[in-house]
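Chains, contacts and geometry: an overview
Chain by chain, the residues:
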Amino acid sequence: MAETKGIPTIDPNVQYVGVSKLRTLNATKLRSLDNTLVIQDPDDKPLAVVLSYEQFMEMQQERERIIATLETLFDKTEQADLLKALQQTQNGKTKPFSVVRKTLAKGSKGKG
């Protein structure tokens, strides 16, 4: 059971198992793995995590998105642009997406 700021979270896709479960895993079982396995020692101390490659890649992609967001937030130029955009939004200086889409469509036609 994972905790977020002291609040336990229950994820039905996480299964806590003993080390002996590793002996039963083969390529076929690993391919069809739909749960995340937390391997524990006899004292229930977590030792390792087994998850599908797809789950791992999703985690990596999410990590990259978070890093890109943080880099944007800590970049001084990006901060200034973001603040300016937020102020414009707060002041009602926005355009409907339909207008923006038409502008983008016109711009992409002129480049071809």
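Our subject is the structure listed above.
Now for a description of the structure that goes with this document. None of the values given here were measured: they were computed from a predicted structure.

Across its full length, the chain holds five helices and five strands. Overall, the chain shows an N-to-C arrangement of helices and strands of β-β-β-α-α-β-β-α-α-α. For the chain, the spread of C-alpha atoms along the three principal axes comes to 60 × 40 × 25 Å. Taking all 112 residues of the chain together, 10% fall into the buried category. For the chain, restricting intrachain contacts to residue pairs at least 6 apart in sequence, the fraction spanning at least 24 positions comes to 6%. Of the roughly 9700 Å² of accessible surface on the chain, 57% is carried by carbon and sulfur atoms.

For aspartate 44, which is not a glycine, the phi torsion comes out positive at approximately 65°. Along the chain, aspartate 44 turns up in the loop between β4 (36-40) and β5 (46-50).

Let's shift gears to the sheet that holds β5. What links the strands of a sheet is backbone hydrogen bonding, and the strands pair in either a parallel or an antiparallel sense. With mixed pairing, three strands are arranged side by side in an open sheet as β3-β4-β5. With one partner strand each, in any of the chains shown, β3 (14-18) and β5 form the two edges of the open sheet. Within the sheet, the average angular offset between the axes of one strand and its neighbour, ignoring direction, is 25°.

A separate point is the pairing of β5. Across four bridges, the pairing between β4 and β5 is antiparallel. Each residue of the ladder has a partner; that of leucine 37, found in β5, is valine 50. Counted between consecutive antiparallel strands, the loop separating β4 from β5 contains five residues, among which aspartate 44 sits at a positive phi close to 65°.

The next point concerns the nonpolar core. With five residues, the main nonpolar core is built from Val17, Leu33, Leu37, Ile39 and Val50. If sequence neighbours within four positions are ignored, valine 17 has contacts with Leu37, Val38, Ile39 and Gln40.

Another point: helix α4 (residues 76-90). Taking 1.5 Å as the rise per residue, α4 with 15 residues should run 21 Å; its terminal C-alpha atoms sit 21 Å apart, in good agreement. For α4, the capping residue at the N-terminal end is aspartate 75, with a side-chain oxygen 3.1 Å from the backbone nitrogen of threonine 77. Within two residues after α4, glycine 92 carries a phi angle of roughly 80°, on the positive side.

Relative placement of two packed helices is described by the angle separating their axes and the distance separating the axes. At their nearest, the axes of helix α3 (residues 53-74) and α4 sit 5 Å apart, and the two run at 85° to each other. When the interaxial angle is binned, α3 and α4 end up roughly perpendicular. Of the residues in α4, those in contact with Thr72, Leu73 and Phe74 of α3 are Lys76, Glu78, Gln79 and Leu82. Considered class by class, the residues forming the contact of α3 with α4 number three nonpolar, two polar and two charged.

The next point concerns the pairing of β4. Across the five residues of β4, five count as buried, placing the element largely inside the fold. Taking every second residue as pointing to the same face, both faces of β4 are buried, with Thr36, Val38 and Gln40 on one and Leu37 and Ile39 on the other. With five bridges connecting them, β3 and β4 associate as parallel partners. Each residue of the ladder has a partner; that of valine 14, found in β4, is threonine 36.

Parameters at a glance
Residues numbered from 1 in each chain as written. Predicted model: local features only at pLDDT ≥ 70, side-chain atom pairs only at ≥ 80, totals over all residues. Heavy atoms only, no water. Helix = DSSP H or I, 4+ residues; strand = E, 2+ residues; numbered from the N terminus. Buried < 20%, exposed > 50% of the residue type's maximum accessible area, 1.4 Å probe, protein only. Contact = heavy atoms within 4.5 Å. Areas by Shrake-Rupley, 256 points an atom, 1.4 Å probe, with all protein chains shown as cover. Pairing = 2+ DSSP bridges. Axes fitted to C-alpha atoms, helices over the stretch in contact; angles between N-to-C directions. Core = buried A, V, L, I, M, F, W, Y, C linked by side-chain atoms within 4.5 Å. Expected span 1.5 Å × (residues − 1). Polar contact = N/O pair within 3.5 Å; in protein donor to acceptor, adjacent residues only side chain to side chain. Parallel < 35°, antiparallel > 145°, perpendicular 65-115°, else oblique. Nonpolar A, V, L, I, M, F, W, Y, C, P; charged D, E, K, R; others polar.

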